[in-house]
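# Structure at a glance
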Amino acid sequence: MRRFIVPSAQLDSEIVNITGELFRHMITVLRLSITDELILADERGREASAVILDIKDKEIICRLMALPEGVKGISKLQITLYQALPKGEKLDFILQKATELGVTHIVLFDSERSVVKIADDKLEKKLTRWRRIVQEAARQSGSVIPFVDFCENIADLSEFQKADLKLVLWEEEHNRHLKTVFKDLKIPDSIAVMVGPEGGFTEEEVAVAKSLGFISVTLGKRVLRTETAGITMLSILQYLWGDLG
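Residues numbered from 1 in each chain as written. Predicted model: local features only at pLDDT ≥ 70, side-chain atom pairs only at ≥ 80, totals over all residues. Heavy atoms only, no water.

## Here we look at the pattern of salt bridges
As a reminder of what qualifies: A carboxyl oxygen of Asp or Glu within 4 Å of a side-chain nitrogen of Lys or Arg is what we treat as a salt bridge. Classification of residues uses two cut-offs on accessible area relative to the type maximum, computed with a 1.4 Å probe and protein chains only: under 20% is buried, over 50% is exposed, and between them is partly exposed.
For the structure on display, the rule yields eleven salt bridges. Salt-bridge contacts for Asp110 lead to Lys117; the nearest nitrogen and oxygen are separated by 2.9 Å. On the accessibility criterion, Lys117 (48% relative accessible area) is partly exposed. A salt bridge links Arg131 to Asp149; the nearest nitrogen and oxygen atoms lie 3.8 Å apart.

Next comes the structure, spelled out in structure tokens:
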């Protein structure tokens, strides 16, 4: 059955009314009709099977066939991705794949070497678009929708950076490898991963990250692009301590 994400409050009632953009998608694109069965999920990962009772001009009326099940799609490992703004469509890819890999929080920020700069009057529109991307990725992959936030610079990340283990990926780090950090490490419940832009972090930025409790690490001899590095790290973490494999 097809899976759709609705506000959490709607799963607390037997009857669910779907309007707006989701209504248009379900009717004009998917051409759903009365008696069609589907899965309704919320951003917390609860799911319930439902059936379409009626379709009006601007509203679909569904009835839940069962009470919402317990939270699904949430990895037991809570991961926050701190991603410096990349160029072009790379950010769309990062948002999609990070969501598929079960990240719980994505914090985007403006790095010194970020080519893209977000004007204040454009930020709200950008955030709306980024949140729509992760919502769609969550719908397709069965993952929980991650929170998406934005910071103007690396120093402002202090209000977000709460995790048992905090790693900053830095190509200039030549001594501290992942295997060294992970050796004999108690399994963490939460991890923060910080990834730089195309040009990498400056030494000053890494110093700020370290002051916030991040450990600089290298992924080895391979030079990974910004859209690859974070996804690679998330995959490793989910394999080691999460739900991948």
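The structure having been displayed, the exposition proceeds.
## So, the pairing of strand β3 (residues 37–41)
Here is the rule: Put simply, DSSP H or I for four residues or longer makes a helix, DSSP E for two residues or longer makes a strand, and each gets a number counted from the N terminus. Pairing between strands is defined by DSSP: at least two bridges between them are needed.
The element β3 is largely enclosed, with a buried count of four among its five residues. Two elements, strand β1 (residues 3–5) and β3, share three bridges in a ladder whose sense is parallel. Of the residues in β3, the one forming a bridge with Arg3 is Ile39.

## Digging into the packing of aromatic side chains
Note the cut-off: Ring pairs are drawn from Phe, Tyr and Trp, using the six-membered ring of Trp, whenever the two centres fall within 6.5 Å, and their geometry is named by plane angle: stacked under 30 degrees, edge-to-face over 60, tilted for the rest.
Under the criterion given, the structure shown has four aromatic pairs. Summarising the aromatic geometry, the rings of Phe109 and Phe201 are spaced 6.2 Å apart at their centres and angled 5° between planes, so their arrangement reads as stacked. Taken together, the residues Phe109 in strand β7 (residues 105–109) and Phe201 in the loop between β10 (190–195) and α5 (203–211) connect sequence positions 92 residues apart. There is no split in this pair, since Phe109 and Phe201 are both buried. With a centroid separation of 6.3 Å and 40° between ring planes, the pair formed by Trp130 and Phe150 is classed as tilted. Here Trp130, found in helix α3 (residues 120–141), pairs with Phe150, found in strand β8 (residues 147–151); they are 20 residues apart in sequence, far enough to count as distant.

## Details of the sheet that holds strand β4 (residues 47–55)
Our working definition: Simply put, an axis is a line fit to the C-alpha atoms, just over the touching stretch for a helix, and the angle between two N-to-C directions goes from 0 to 180 degrees. Contacts were defined at the residue level, with two residues in contact if any of their heavy atoms lie within 4.5 Å.
If you walk across this open sheet you meet the five strands as β1-β3-β4-β5-β2, and the pairing is mixed. The sheet terminates laterally at β1 and β2 (15–18), the two strands that pair on one side only. The sheet shows a mean angle of 40° between the axes of neighbouring strands, taken without regard to direction. On the sheet, helix α1 (residues 20–29) packs against β1, β2, β3, β4 and β5 (60–64) and is oriented at approximately 160° with respect to β1.

## Section: helix α6 (residues 226–241)
Applied cut-off: An expected span of 1.5 Å times one less than the residue number is assigned to each helix.
Taking 1.5 Å of rise per residue, 16 residues should cover 22 Å, and α6 covers 23 Å from first to last C-alpha, within 8% of that figure. Along α6, the residues that are buried comprise Thr226, Glu227, Ala229, Gly230, Ile231, Met233, Leu234, Leu237, Gln238 and Trp241. Buried residues belonging to α6 abut β6 (78–84), α2 (90–100), β9 (165–169), α4 (178–182) and β10.

## Concerning a nonpolar patch on the surface
Here is the rule: Residues qualify for a patch when their relative accessible area is over 30% and they have no salt bridge, like charges being joined within 9 Å and the nonpolar side chains of Val, Leu, Ile, Met, Phe, Trp and Tyr within 5 Å. To measure how exposed things are, a 1.4 Å probe is used in the Shrake-Rupley method; for residues, cover is taken only from the protein chains shown.
On the surface, a nonpolar cluster with roughly 320 Å² of combined accessible area is contributed by Tyr239, Leu240 and Leu244. Looking at the secondary structure, you find Leu240 in helix α6.

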